[in-house]
Amino acid sequence: MGRTLTEILDAAAEGRFPPPDGRTTVVPQEHRRDAGVIAFTAHSVVFTDEDPDWVHATLAALDCDALAATMNPRFLAALLDRTGRGTDTIDLLTVAGPLPGAPALELVETTDPDHPRVRRALRRRDGVRVWSAAGGVLGRGVAGRWEAAVEVDEGVRHRGMGRELARAARHLVPDGQPVWSQQATGNARSIRAFQAAGYRPVGAEALMLAPLC
């Protein structure tokens, strides 16, 4: 198992996961912006600059299934309070390998930062690039990984556009790297679209955002 979050994520993208031993690994943040929790099968990774002893003690004090402790709302709330951060939701974390050539979907790259999806991406990612057909975002997120997000306009939904945008991101990611994406666990439509585009689930993620300056 890798010693850094980057090493752990790189291995997971290749299908090599932390041992399912019920333990929690605490690793330092690799960027001030990014802290949080990733729960793999029977093994969690907490990436934070907080004291690892505090993390383990707080988890041990919870009255819940130990395998669920890192995603328990009481632990997440305690970590948010301790770090002064905010969060949105727990996401399904998915990943897909790159695809050769240009995407089948005709896309136009844009620099317009005004779309709400783009504003959210700029808070969470570096090196953000945006393409439009019905909306797509690609940028560097947690531990420098490439992350994709899509937004489909209401008037063209239910036509497979979300799936095509998600698949297009696999053509656009540079240097043969994998592309990651997160879907809110209740957003079944988005989950179906990304899985149909070849993204496979690897775990759950709770990302904690630094306060806006």
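Our structure is the block above this text.
Described below are features of the structure shown in this document. Residue positions are counted from 1 within each chain, in the order its sequence is given. It should be noted that, the model being predicted, local features are given only for residues of pLDDT at least 70 and side-chain atom pairs only at 80 or more, the latter also being counted only at that level, while totals for whole chains, interfaces and linings use all residues. Only hydrogens and water are removed before side-chain values are computed, so all heavy atoms of the structure are retained for them.

**Observations regarding the overall build of the protein chain**
In step 1: Of the regular secondary structure elements, the protein chain holds six helices and 10 strands.
In step 2: Exposure is judged per residue with a 1.4 Å probe applied to protein chains only, and the accessible area is read against the type maximum: over 50% gives exposed, under 20% gives buried, and values in between give partly exposed. Counting all 213 residues of the protein chain, 47% fall into the buried class.
In step 3: Here the contacts in the protein chain between residues at least 6 apart in sequence split such that 63% fall between residues at least 24 apart.
In step 4: Summed over all atoms, the accessible surface of the protein chain reaches about 10800 Å², with 50% contributed by carbon and sulfur. Put simply, DSSP marks the helices as runs of H or I at least four residues long and the strands as runs of E at least two long, and each gets a number from the N terminus on. Should any heavy atoms of two residues lie within 4.5 Å, those residues are counted as being in contact. Where accessible areas are quoted, they stem from the Shrake-Rupley method and a 1.4 Å probe; at the residue level, only the protein chains shown are allowed to cover.

**Quick notes on the environment of Val-45**
In step 1: Looking at where Val-45 falls in the secondary structure, it is placed in strand E3 (residues 43-47).
In step 2: The exposure class of Val-45 is buried, given its relative accessible area of 0%.
In step 3: In sequence terms Val-45 and Pro-18 are 27 residues apart; their C-alpha atoms lie 8.9 Å from each other.
In step 4: If sequence neighbours within four positions are ignored, Val-45 has contacts with Met-1, Leu-5, Ile-8, Thr-25, Val-27, Gly-36, Val-37, Ile-38 and Phe-40.

**So, the packing of aromatic side chains**
In step 1: The aromatic pairing rule takes the rings of Phe, Tyr and Trp, using the six-membered ring of Trp, and pairs them if the centres are within 6.5 Å, calling planes under 30 degrees apart stacked, those over 60 edge-to-face and the rest tilted. Going through the model one piece at a time under the given rule, you end up with three aromatic pairs.
In step 2: Ring centres of Phe-17 and Phe-40 lie 6.1 Å apart, and the angle between their planes is 50 degrees; on these two criteria the pair is classed as tilted. One end of the pair, Phe-17, is in the loop between helix H1 (5-13) and strand E1 (24-27); the other, Phe-40, is in strand E2 (residues 34-40), with 23 residues separating them in the sequence.
In step 3: Take Phe-17: its relative accessible area is 40%, and that puts it in the partly exposed class.
In step 4: Taking the centre distance of 4.9 Å and the plane angle of 80 degrees together, the rings of Phe-194 and Tyr-199 count as edge-to-face. Neither residue differs from the other here; Phe-194 and Tyr-199 are each classed as buried.
In step 5: Only lysine NZ and arginine CZ atoms are considered, and such an atom sits over a ring when it is within 6 Å of the ring centre and within 35 degrees of the ring normal. Taking the ring centre of Trp-180 as reference, the NZ or CZ of Arg-145 above it sits at 5.4 Å.

**Focus on the pairing of E2**
In step 1: Counting buried residues in E2 gives seven out of seven residues, a clear majority hidden from the surface.
In step 2: Of the two faces of E2, the one holding Asp-34, Gly-36, Ile-38 and Phe-40 and the one holding Ala-35, Val-37 and Ala-39 are both buried throughout.
In step 3: Any two strands with at least two DSSP-identified bridges between them are counted as paired. By the bridge criterion, six bridges tie E2 to strand E10 (residues 200-209) in an arrangement that is antiparallel. Each residue of the ladder has a partner; that of Val-37, found in E10, is Ala-206.

**Here's the deal with helix H3 (residues 73-83)**
In step 1: For H3, every residue scored as buried is listed here: Phe-75, Leu-76, Leu-79 and Leu-80. Taken down its axis, H3 places every buried residue within 135 degrees of arc, on the same side. Turned more than 90 degrees from where H3 packs its buried face, Pro-73, Arg-74 and Asp-81 sit exposed.
In step 2: Of the surrounding secondary structure, the elements contacted by the buried residues of H3 are E2, E3, helix H2 (52-60), strand E4 (90-96) and E10.
In step 3: Polar contacts, as used here, are pairs of N or O atoms within 3.5 Å; protein pairs need one atom able to donate a hydrogen and one able to accept it. Residues neighboring in sequence count only if both atoms are side-chain atoms. Put simply, Asn-72 is the residue that caps the front of H3, since its side-chain oxygen is 2.8 Å from the backbone nitrogen of Arg-74.
In step 4: In the segment just after H3, Gly-84 is the residue with positive phi, at about 70 degrees. The directions from the helix axis to the C-beta atoms are what the arc is built from.

**Observations concerning the nonpolar core**
Generally speaking, nonpolar side chains in soluble globular proteins are found buried as a group.
In step 1: Throughout, nonpolar core names a set of buried Ala, Val, Leu, Ile, Met, Phe, Trp, Tyr and Cys residues whose side chains join them through atoms within 4.5 Å. The biggest cluster of nonpolar side chains holds 18 residues, and the ones touching the most others in it are Leu-5, Leu-9, Ile-38, Phe-47, Val-142 and Trp-180.
In step 2: No other element matches the five residues that H1 contributes to this core.
In step 3: Residues contacting Phe-47, with those up to four places away along its chain left out, are Leu-5, Val-27, Pro-28, Gln-29, Asp-34, Ala-35, Gly-36, Val-37, Ile-38, Val-142 and Leu-207.

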